[in-house]
Amino acid sequence: MKIMSIVLLTVLAFAVSIYLAVSEIVIEETQYGAREVVLFSIPLTMLLVNSNLFIIPKLIQKKGSYDRLKKGFESIFLSISIILFLLHGGLLFVSTGTEINLLLFVPLSVGLVLITTANTLPRFQIDLDEDTSPQTSKLWNTVIRPFSLPLFIGGILMLFSILLPEPLMMIVFFTILFLTILASVVRSYRAYQS
């Protein structure tokens, strides 16, 4: 489902750009750059980034290791695709003269990244093998879950902060970001101490 969503977002970004390329809609090239760059830079970036989802399995030597991490990689790439798709839409709206508040994309993007990170980090637990010291793997596996919970809660709160008026939205966003990082570090440190 995640891979289908990634492919759909990429195809949709290209479809919108192709439609605007052949239509008569005017893009303010003097302010935002050449028409082709505005229309196709982000869809091509999405294509390039998402192609890694198919290249990574070939690069990872241990098949069992990749199978364990596959869902995590898919979540990361889906998050990146959503963010790039939203930025593409915002760029197209602004460059065609439609008024849109681009500051809304800051808490939206960071919130999605935090939620994805919180859901994905616990999947990247270190296995005990000959290459890893038991102390390192125990440390990583112990502190990662306490670190992830505040990230998830902070990401959700950031998504809701876009409903606030603009000056208050950015103040609340930076406050949530600071408190999220602080809470994550404190919880991980306490887990490490115990």
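Up top you'll find the structure we're talking about.
Residues numbered from 1 in each chain as written. Predicted model: local features only at pLDDT ≥ 70, side-chain atom pairs only at ≥ 80, totals over all residues. Heavy atoms only, no water.

**Re the overall build of the chain**
Counted only if it meets this: Working definition: helices are DSSP H or I runs of at least four residues, strands are E runs of at least two. Numbering for both runs from the N terminus. Three labels apply to residues, based on accessible area from a 1.4 Å probe with only protein chains included: buried if under 20% of the type maximum, exposed if over 50%, partly exposed otherwise in between. Any two residues having at least one pair of non-hydrogen atoms within 4.5 Å are treated as being in contact. Surface accessibility in these figures is a Shrake-Rupley result with a 1.4 Å probe; residues are shielded only by whichever protein chains are displayed.
Counting its secondary structure elements, the chain contains seven helices and zero strands. Listing every helix and strand of the chain by position from the N terminus yields α-α-α-α-α-α-α. Taking all 194 residues of the chain together, 35% fall into the buried category. Restricting to contacts in the chain with at least 6 residues of sequence separation, those with at least 24 account for 72%. About 11800 Å² of surface is accessible on the chain, with carbon and sulfur atoms providing 72% of the total.

**Considerations on the packing of helix α5 (residues 105–120) against helix α7 (residues 166–193)**
Note the following rule: In this description, a line fitted to the C-alpha atoms serves as the axis of each element, helices being fitted only across the stretch in contact, and the angle between N-to-C directions of two axes falls anywhere from 0 to 180 degrees. Throughout, the term roughly parallel applies to angles under 35 degrees, roughly antiparallel to angles over 145, roughly perpendicular to angles from 65 to 115, and oblique to all others. A crossing counts as left-handed when the near helix is turned anticlockwise from the far one by less than a right angle, and as right-handed when that turn is clockwise. Residues were grouped as follows: Ala, Val, Leu, Ile, Met, Phe, Trp, Tyr, Cys and Pro as nonpolar; Asp, Glu, Lys and Arg as charged; and all remaining residues, including Gly, as polar.
Contact geometry for α5 and α7: axes closest at 10 Å, N-to-C directions at 20°. Between α5 and α7, the angle falls in the class roughly parallel. The chirality of how α5 crosses α7 is left-handed. Contacts between α5 and α7 pair Val106, Pro107, Val110 and Leu114 from the former with Met169, Met170, Phe173, Leu177 and Thr180 from the latter. Looking at the contact of α5 with α7, its residues break down into eight nonpolar, one polar and no charged.

**Here's the deal with a nonpolar patch on the surface**
Test applied: Patches in this entry comprise residues that are over 30% relatively accessible and not in a salt bridge; like charges within 9 Å are linked, as are nonpolar side chains (Val, Leu, Ile, Met, Phe, Trp, Tyr) within 5 Å. The salt bridge criterion pairs a side-chain nitrogen of Lys or Arg with a carboxyl oxygen of Asp or Glu, the two atoms within 4 Å.
A surface patch of nonpolar side chains, amounting to about 660 Å² of accessible area, comprises Leu149, Phe152, Ile153, Ile156, Leu157, Phe160 and Leu163. Note that leucine 163 resides in the loop between α6 (134–161) and α7.

**Regarding α7**
To keep it simple, the criterion reads: The length a helix should cover is 1.5 Å for every residue beyond the first.
For α7, which comprises 28 residues, the first-to-last C-alpha distance of 41 Å matches the rise-based estimate of 40 Å (1.5 Å per residue) to within 8%. Among the residues making up α7, those that are buried are Met169, Met170, Phe173, Ile176, Thr180, Ser184, Ser188 and Ala191.

**So, the packing of aromatic side chains**
To keep it simple, the criterion reads: A pair of aromatic rings is counted whenever rings of Phe, Tyr or Trp (Trp by its six-membered ring) have centres within 6.5 Å, and the orientation is called stacked for planes under 30 degrees apart, edge-to-face for over 60 and tilted otherwise.
Counted according to the given criterion, the structure contains one aromatic pair. Here phenylalanine 173 and phenylalanine 174 contribute two aromatic rings whose centre-to-centre distance is 5.0 Å and whose plane-to-plane angle is 65°, an arrangement assigned as edge-to-face. Its relative accessible area of 49% is what places phenylalanine 174 among the partly exposed residues.

**Describing helix α1 (residues 2–22)**
Rules: Directions from the helix axis toward the C-beta atoms define the arc.
Compared with an ideal rise of 1.5 Å per residue, which puts 21 residues at 30 Å, α1 spans 30 Å between its outermost C-alpha atoms and is within 8% of the ideal. Buried within α1 we find Ile6, Leu9, Thr10, Ala13, Phe14, Ser17 and Leu20. Buried residues along α1 cover an arc of 130° about the axis, so they all sit on one side. Residues Met4, Leu8, Val11, Tyr19 and Val22 are exposed on α1 and point more than 90 degrees away from its buried face.

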